Every structure is written in structure tokens, then in C-alpha cells.
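Architecture at a glance
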There are 2 protein chains.
Amino acid sequence: MGLLVVGSLALDTIITPFDKVEDALGGSATYISIAASYFVGLVKLVAVIGSDFPEKYISLLEEHNVDLEGMKIEQGKTFRWGGKYHYDLNVRDTLFTELNVFESFNPIIPENFRKSKYVCLGNIDPVLQLKVLEQMSDPQFVVCDTMNYWIEGKRDDLLKLLEQVHVLIINDSEARLLANEPNLIKASRMIRDLGPQSLIIKKGEHGAMLFTDDTIFSAPAYPMEIIIDPTGAGDTFAGGFTGYLFKTRDLSPNNLKCAVIYGSSMASFCVEKFSTEGIENLSYLKIQDRYREFLNISRIDETIPA
Amino acid sequence: MGLLVVGSLALDTIITPFDKVEDALGGSATYISIAASYFVGLVKLVAVIGSDFPEKYISLLEEHNVDLEGMKIEQGKTFRWGGKYHYDLNVRDTLFTELNVFESFNPIIPENFRKSKYVCLGNIDPVLQLKVLEQMSDPQFVVCDTMNYWIEGKRDDLLKLLEQVHVLIINDSEARLLANEPNLIKASRMIRDLGPQSLIIKKGEHGAMLFTDDTIFSAPAYPMEIIIDPTGAGDTFAGGFTGYLFKTRDLSPNNLKCAVIYGSSMASFCVEKFSTEGIENLSYLKIQDRYREFLNISRIDETIPA
């Protein structure tokens, strides 16, 4: 059983107007796994690293109950990414992308991972995401992330993948691009017609929207005064969202809403520090406190005056 | 008593990718008054029109219980504004602004309007907004709108005005400009330090935020598939918000939240049709239905799992 996570492990160089880190722990699967670890007994990770991947990062993943049987170590350098954030932190430039060993990544799912019912596919080539699903014996709940690059460059593969996805998590510009429709409500219906029962549209500082059944749910953003590093917030959202659903085994629309708030809570911790530092030392109690704070932001005592 | 509304009456030319109207009823005071009329027995309007202002628009205001004693008719042409919306309707270009009789607008508050406790100042020159307040005997609750043009061009007057304002309603880019701070949470505190007890930041398709006491409230946007004409949505929000508070005479934080949802409800009706058509023929029942729909968008059955 367990939750299967597939994606990238990376070494990130991150520059903000206030600080800089080099070769920090990064990658979609890293953030997803650590975020999910607070909800899931054992996270089954499938990814690739180079021989230069620091031992301390491996230890960190192990401390978060990440099963590394599916983590392949290749001769060569680990995937590296560099990004520079602007003053308002909503805008960033990619400084470099060095695929290195990630270029030939071929996700092989270990035999005892294949029966996992819950799968979280981090943002990688949809061809690889499809390969993962082909190896699974009976995936019951597949959560998937993607990005503009694949929507534009590998649309056919992505469309094939979406037929097998239960929840797609993308941001607003990606949703508009995927549906070729500026109105997000229309776009959401068009995307759900492609396969996913549920769609989550992340809107950064404006929160997130969940579309499921005939329900539209709007989740607020956490009012953050200080954002240190937005890197990995989306992956962390996906990890918290999927992890909470794995924990509760309740896929009702209302519990999906709760999961959106848990995902948002995890993402709000993520951006408070550089790299994965914001989500390394949490407790479930602290996460629940943040969850309650989130609920308060949109709480209203309902009164209909005469 | 009654609610005093001061602002512009205008004739708007509006071009969208789908349709066009010329010399349609417009202006901040128009939208505010009509929206507020569903909550308020008598709206006391102070504005100026030219001798060309169509009789049918005067009748429309009268049908909505707008007291026109403070509406001055000057020889000359009425204020005219033209705007063209882009395909995604979030972006618009101003085609022309012909101030006409509005150029010499000097708001004189009729004697029996001066005791109004509730005042809604539509978006006009802060010098004029100040003049209005000077004539009031004891304004208890002043709601005020403004825009980039005044924030940049008449900052000192605006700052003087803000000391006397209870609720400022602006959009996110205006908030950032006014506080000179990109983070909206920080900006909200800085703006409230300038005078307003409460601040509402409108975020268009992302909803609105209310900052009051130590409360931050996030209101969702109504999921609109078809937006015909966004003109006047912000003014309509202000009219619904202020009108609801006037009706209930309850300025508690929770009731301010309700008022934000009523304002949002009114704005969602506004954009469904051109000009004021979307808010001309509403009923209080219809408004309450929309209010309930709004509450559902962010409703969640709260469960904290063990």
C-alpha cells in the first residue's frame, strides 16, 4: 500500500531580492514527499539522483519516512535548477535548467510499490507519467501536476494521461492554456471533460479553486506578510492534499475541500523559509493550527436578515 | 436620515468584443444609488448632469427611490466616458473622458441631507469628497472609493480625507500604490494606519478581502461564465455593501463580512448585463439567493481528524 510519489529530486539555486542559496534540496518529488509524510506512514518515492547528491538530503528524506527503494542513483550530476525572484516574488526568471541524470530518467516502479492505490505524479514529462501508471496494478486515486511546457510541447501525451487522472492540479495560466479559454469556470468544465473528475486551480496569492461534481469551492490564500521563497509551494500543496486524502480515505466532495485547505496550509509553511526548510520540522498539531486559521479566513456567521 | 451618495452621473460608451452601447447610463453615483436602493428606503443623491441627460434615466433613478433634490442640472453636456474591453474583460482601455459639466462640479449638500449618518463617497476628486464631509453635521459611517489617478495626483488631499473615512474600498493595485508596498497584508495595515478602521481590497475575479479589527476575511468571487460588461462593478459593490450596513445598522466585524458578500452579490448581477441593466430589476429575494450561493462557494464542513 502506501502513497506512491514520482517526480524530480533536484539541487536548486534560488536567488531572492533578500538572500541566496546554492545547491539546496529541491525538486517536485522532494516537496511532495516531505509534505505528504506528515499524513502518510510511508511515502514510496520513485526518482533519480546523481552521484553528487548530498548524503544529508538522503538522510532528511529517510527521517521523513520516505521509502527510497525506487530512488535510482546514476553516475553523473543531479538535476539542477536555478531561479531568481523579483521584488514582488510573484515573478521569477529561470536562470538555468541542467537536466543531467534526469535527462534519461526512466521511472521503474519497484515490485512492492506497484500495488499502491494512491499515486501523486509530480510535474515531469507526461510520457513518463504515463509510464508510471502503466506499471501500476490498480491505481485508485491519481493526482497529477503538469506545467505550460508540457501543455504546449506534449499535448497529445498529456491528453492521454488526463484520461487516467482523478485530480489535476494546475495554476490559472496553465488552465487557460490547456483549455484555450480565458474564463476559468468554462475552462474548468472543458478540462474535466478531458478526464479528471476533479480539478484544482492554484492562484498563488489569491488561493485555490476546487471543481468537483457540481461543486465549486474557493479556498482563500493565507495572509502572508513575509514570503521568503515561493519555490516548491505548488508541489507542497499537492503533497499535503494527497497525503490528507490518503490518511482519511474519504474522497467525498467535502473532504476534498478539507484536503485543499490542508494542501494550502502546507504550502503556506513552505514559503516561510528557503528550500524545504519550512516543511522539515512541522508537527501534525502545528499543521492543524494552520488549518484552523485558514478556515477562519473565510468563516462568516450566516444571517439572512428579514 | 437616509444614505447620502455623492459621485458622478455619466453617459457611457462601452465596447466589448461582443457588443457596444452608446450614451448608456453610467457614473459611480448611479451604480452606487441603484445598488443601495434595494436595501435603503431613500437614497439621497448629490451629483451634476447636463441639460442633455435623458429623461428616461432620471425616471429610472426615481423608480429606485433616489431623492434627486441634490442633483444639479447645468447647462451643457453631461460627463461622458468611453471604454473598450479586451477579449478577457479584465483589461480595458479608456477611449475618452469628457468631463463637460462635471469639470466644475461643486457638491452642495441640501440642508435636509446634511444630517445623514451614512455616507458613500463615489470615486471623485478627494478635494470634493472632503467638501462633502465638511458640510455634514455628524457623519457616523463614511465609505469611500478612490482610484490610481487621485492616489498619484492628489495624495495630500486624499490623506486628509482618509482620516475621516471609516471604510476605504479600493482594488489591489490601488492598495499597493497607496501604501507603496507590494504585499497586500502589509499594505492593508499601512492604509488602516492612515485613518480607515476598515479596508476592503477588491481583486476582480479573485474576490475581495476585508481588513477590520484584527480580522482578515477573504470573500470568494462568484464563478461567472459569462461577463457581459464589467463597468460599474466596483461602484455596485460599494452600493450594496453600504446599503446593507445601513439597513442592518450593525457595524460588527461579522456583519461587515456579510456586507462584503452582499456587495459582491450585487456586483455579480451588475456584470451580467450592459450598463445598469443587470441591477435595474432585482428583488430582495433574488439578492438573498445570490448571497446564499456566495456563502456556499467557501462553505466547508469542518472536521479535524484525529
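The numbering scheme is per chain: residues are counted from 1 as the chain's sequence reads. Whichever chain is written first is A, and whichever ligand is written first is 1; the rest continue in order. Local features in a predicted model are, by the rule used here, given only for residues with pLDDT of at least 70; side-chain atom pairs are given and counted only at 80 or more, and totals for whole chains, interfaces and linings are based on all residues.

**Thoughts on the overall build of chain A**
Helix numbers and strand numbers start at the N terminus; a helix is a DSSP run of H or I with at least 4 residues, a strand a run of E with at least 2. The helix and strand tally for chain A stands at 11 helices and 13 strands. For chain A, the spread of C-alpha atoms along the principal axes amounts to about 70 × 45 × 35 Å. C-beta atoms are placed from the backbone for every residue, and two residues are taken to be in contact when these atoms lie within 7 Å. Long-range pairs, those at least 24 residues apart, make up 66% of the contacts in chain A with a sequence separation of at least 6.

**Focus on the pairing of strand S10 (residues 167-171) of chain A**
Residues and elements named next belong to chain A. Here a residue counts as buried when 20 or more other C-beta atoms fall within 10 Å of its C-beta, as exposed when 12 or fewer do, and as partly exposed in between; the C-beta atoms come from the backbone. Of all 5 residues in S10, 4 are buried; the element is thus mostly enclosed. The pairing of strand S9 (residues 141-145) with S10 spans 3 bridges and is classified as parallel. Pairing of aspartate 145 across the sheet is with isoleucine 169, part of S10. Paired strands, as defined in this entry, are two strands with at least two bridges between them according to DSSP. With 5 bridges joining them, S10 and strand S11 (residues 198-202) adopt parallel strand pairing. Residue pairing across strands places valine 167 opposite serine 198, the latter belonging to S11.

**Here we look at helix H5 (residues 155-162) of chain B**
Since the α-helix turns once every 3.6 residues, residues separated by three or four places project in the same direction. Residue and element names in this part refer to chain B. All of the buried residues along H5 are Leu158, Leu161 and Leu162. Down the axis of H5, the buried side of the element spans an arc of 95°, and every buried residue falls inside it. Lining the buried residues of H5 we find helix H3 (126-135), strand S9 (141-145), helix H4 (148-153) and strand S10 (167-171). Here, the arc refers to the directions that run from the helix axis to the C-beta atoms.

**Details of helix H1 (residues 28-37) of chain A**
A large share of H1 of chain A lies buried, amounting to 10 of its 10 residues. Of all the residues in H1 of chain A, the buried ones are Ser28, Ala29, Thr30, Tyr31, Ile32, Ser33, Ile34, Ala35, Ala36 and Ser37 of chain A.

**As for the relation of the copies chain A and chain B**
When chain A is fitted onto chain B, the two copies agree to an RMSD of 0.0 Å after a turn of 180° and an axial shift of 0.0 Å. Here the symmetry operator amounts to a two-fold rotation axis. Copies are brought into register by a least-squares superposition over C-alpha atoms of residues with pLDDT of at least 70 in both.

**Examining the interface of chain A and chain B**
At the interface, 31 residues of chain A touch 31 residues of chain B. Counting only elements with at least two residues in the side of chain A that touches chain B, the list comes to helix H7 (184-192), strand S13 (215-219), helix H9 (253-270) and helix H11 (284-297) of chain A. In terms of residues, the side of chain A that touches chain B owes the most to one element, H9 of chain A, which gives 4 residues. Of the residues belonging to the side of chain A that touches chain B, the class tally is 15 nonpolar, 9 polar and 7 charged. Residues are sorted three ways: Asp, Glu, Lys and Arg are charged, Ala, Val, Leu, Ile, Met, Phe, Trp, Tyr, Cys and Pro are nonpolar, and all the rest, Gly among them, are polar.

**With respect to the sheet that holds strand S7 (residues 92-98) of chain B**
Residues and elements named next belong to chain B. Strand order in the open sheet formed by 4 strands is S3-S2-S6-S7, and the pairing between neighbours is mixed. Two strands lie at the open edges of the sheet, namely strand S3 (20-26) and S7, each paired on one side alone. On average, each strand axis in the sheet is tilted by 20° relative to the strand beside it, whichever way the strands run. Note: strand S6 (residues 80-85) against S7, 6 bridges, orientation antiparallel. Pairing of glycine 82 across the sheet is with phenylalanine 96, part of S7. Helix axes are fitted to C-alpha atoms over the stretch in contact, other axes to C-alpha atoms as well, and angles between N-to-C directions run from 0 to 180 degrees.

**Let's talk about the packing of helix H9 (residues 253-270) of chain B against helix H11 (residues 284-297) of chain B**
Residue and element names in this part refer to chain B. Between H9 and H11, the shortest axis-to-axis distance is 9 Å and the interhelical angle comes to 110°. By the angle between their axes, H9 is roughly perpendicular relative to H11. In this structure, the crossing between H9 and H11 has a hand that is right-handed. Only Ile287, Arg290, Tyr291, Phe294 and Leu295 of H11 make contact with H9, whose side of the interface consists of Ile261, Tyr262, Ser264, Ser265, Met266, Ser268 and Phe269. Within the contact of H9 with H11, the residues separate by chemical class into 8 nonpolar, 3 polar and 1 charged. Note on angle classes: values under 35 degrees are labelled roughly parallel, values over 145 roughly antiparallel, values of 65 to 115 roughly perpendicular, and the remainder oblique. Two helices crossing with the near one rotated counterclockwise from the far one by less than a right angle form a left-handed crossing, whereas a clockwise rotation gives a right-handed crossing.

**Brief notes about the sheet that holds strand S4 (residues 43-50) of chain B**
All names here are of chain B. As summarised here, the arrangement of the 9 strands in space is S5-S4-S1-S8-S9-S10-S11-S12-S13, forming an open sheet in which the pairing is mixed. Each having just a single partner strand, strand S5 (66-74) and strand S13 (215-219) make up the two edges of the open sheet. Strand after strand, the sheet turns through a mean of 15° between neighbouring axes, direction not considered.

**Describing the nonpolar core**
Here a nonpolar core is just a set of buried residues of the types Ala, Val, Leu, Ile, Met, Phe, Trp, Tyr and Cys, joined wherever their C-beta atoms sit within 7 Å. Counting residues in hydrophobic clusters, the biggest one holds 186 residues, and the most contacted among them are Val5 and Val260 of chain A together with Val5 and Val260 of chain B. In contact with valine 260 of chain A, other than residues within four places in its own chain, are Ile200, Ala208, Leu210, Phe217, Ala219 and Phe241 of chain A.

**Re the confidence of the model for chain A**
With 99% of its residues at a pLDDT of 70 or more, chain A shows a mean pLDDT of 95. Across the predicted assembly, pTM comes out at 0.93 and ipTM at 0.88. pLDDT measures the predictor's confidence residue by residue and takes values from 0 up to 100.

**A short note on the environment of serine 265 of chain A**
Residues and elements named next belong to chain A. One can find serine 265 in helix H9. The sequence separation of serine 265 and threonine 97 amounts to 168 residues, and the corresponding C-alpha distance is 29 Å. Residues in contact with serine 265, not counting those within four places in the same chain, are Gly240, Ile287, Arg290, Tyr291 and Phe294.

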